[in-house]
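If you want the building blocks of each chain, they are given just below.
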Amino acid sequence: HCRPLVEHFMSGSSGSSSGPPPHTRQTCQRGPECMCCLLDELIVATYNGETEPLSPTSLLRSLWQGSAHGLIGYEQQDAHEMLIELRHLLHTHAGGSSFNCTCIVHRLFAGVLQSTVTCGHCQAHTETLDPFLDLSLEPAATLIESFERFIQPERLPAHSYTCPSCHRNQQDATKQFLLRTPPPILTLHLKRFEHPAAAKLDLPVRFPQWLNLAPFTLLQTP
């Protein structure tokens with residue numbers, strides 16, 4: 001039901017003009033386990049107007065067989081882990097080769113975080129860019145509060161950072177994350193389990209119909 005993804009597959013191509021060659025069921029050389037073809041078939045069957053129930057057994061079988069993290073079996077699995085595996089297989093089977101490739105997964109879901117470490121002595125900044133496909137947030141009463149916690153500057157452990165400007169290894173450096181390049185589709189994961197007890201957090205999280213990302217980005221503009 002992700003509209004841009006549905007429209008992409010319904011158009012008959014899962015490649016791009018600037019990236020891997022177009023991937024279609026007619027030209028696919030991967031075989032019956034191709035995740036792009038299986039998802040394409042499932043989307044077509046979902047939107048063809050028929051009312052018969054759908055059972056995506058072929059897609060699930062390919063997902064289990066291609067999983068690198070043991071999704072196969074009858075144990076309860078984490079939905080976030082399944083999403084990671086599904087994205088990875090789509091990326092691989094669409095001919096993706098790197099994080100900034102032009103496969104459908106990265107065109108729709110890839111963004112960039114900027115991590116900024118500030119020296120507590122000279123206030124110099126060190127910036128690092130981190131690509132991402134989803135963000136994991138701590139549950140709070142509202143999604144806005146979860147985002148605010150995510151971008152809140154945190155103090156680094158003592159003597160874990162040496163400033164490249166003043167060369168001091170001190171204990172009051174801070175680190176902050178901000179969105180540098182939001183993706184077209186932002187995927188959010190709420191971390192419902194607390195470690196080490198692994199107790200599930202059942203706190204309801206309210207979220208707005210429209211989410212303004214400006215306060216969580218570098219530009220701070222709508």
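Look up: the structure comes first, before these words.
Residues numbered from 1 in each chain as written. Predicted model: local features only at pLDDT ≥ 70, side-chain atom pairs only at ≥ 80, totals over all residues. Heavy atoms only, no water.

A few points about the layout of surface pockets
There is about 470 Å³ of room inside the largest pocket. Taken together, 20 residues form the lining of the largest pocket, with His1, Cys2, Leu5, Leu39 and Leu86 sitting closest to its centre. If you list the elements that add at least two residues to the lining of the largest pocket, you get helix 1 (3-10), helix 2 (35-46), helix 3 (57-66) and helix 4 (79-93). Among the elements that take part in the lining of the largest pocket, helix 4 stands out by supplying five residues, more than any other. Of the residues in the lining of the largest pocket, the class split is 16 nonpolar, three polar and one charged. (1 Å grid on protein atoms, 1.4 Å probe; cavity = no way out; pocket = protein on both sides within 12 Å on 5 of 7 lines; lining within 4 Å. Points joined across faces, edges and corners; volume = space filled by probe spheres on them. Helix = DSSP H or I, 4+ residues; strand = E, 2+ residues; numbered from the N terminus. Nonpolar A, V, L, I, M, F, W, Y, C, P; charged D, E, K, R; others polar.)

With respect to the sheet that holds strand 2 (residues 125-132)
In spatial order, the strands read 2-1-7-4; together these four strands make up an open sheet with antiparallel pairing. Edge positions in the open sheet fall to strand 2 and strand 4 (154-155), since each of these has one partner strand only. With eight bridges connecting them, strand 1 (residues 111-118) and strand 2 associate as antiparallel partners. Looking at the pairing, Leu113 lines up with Asp130 of strand 2. (Pairing = 2+ DSSP bridges.)

In short, the description is geometric, and any link to function would need to be established separately.
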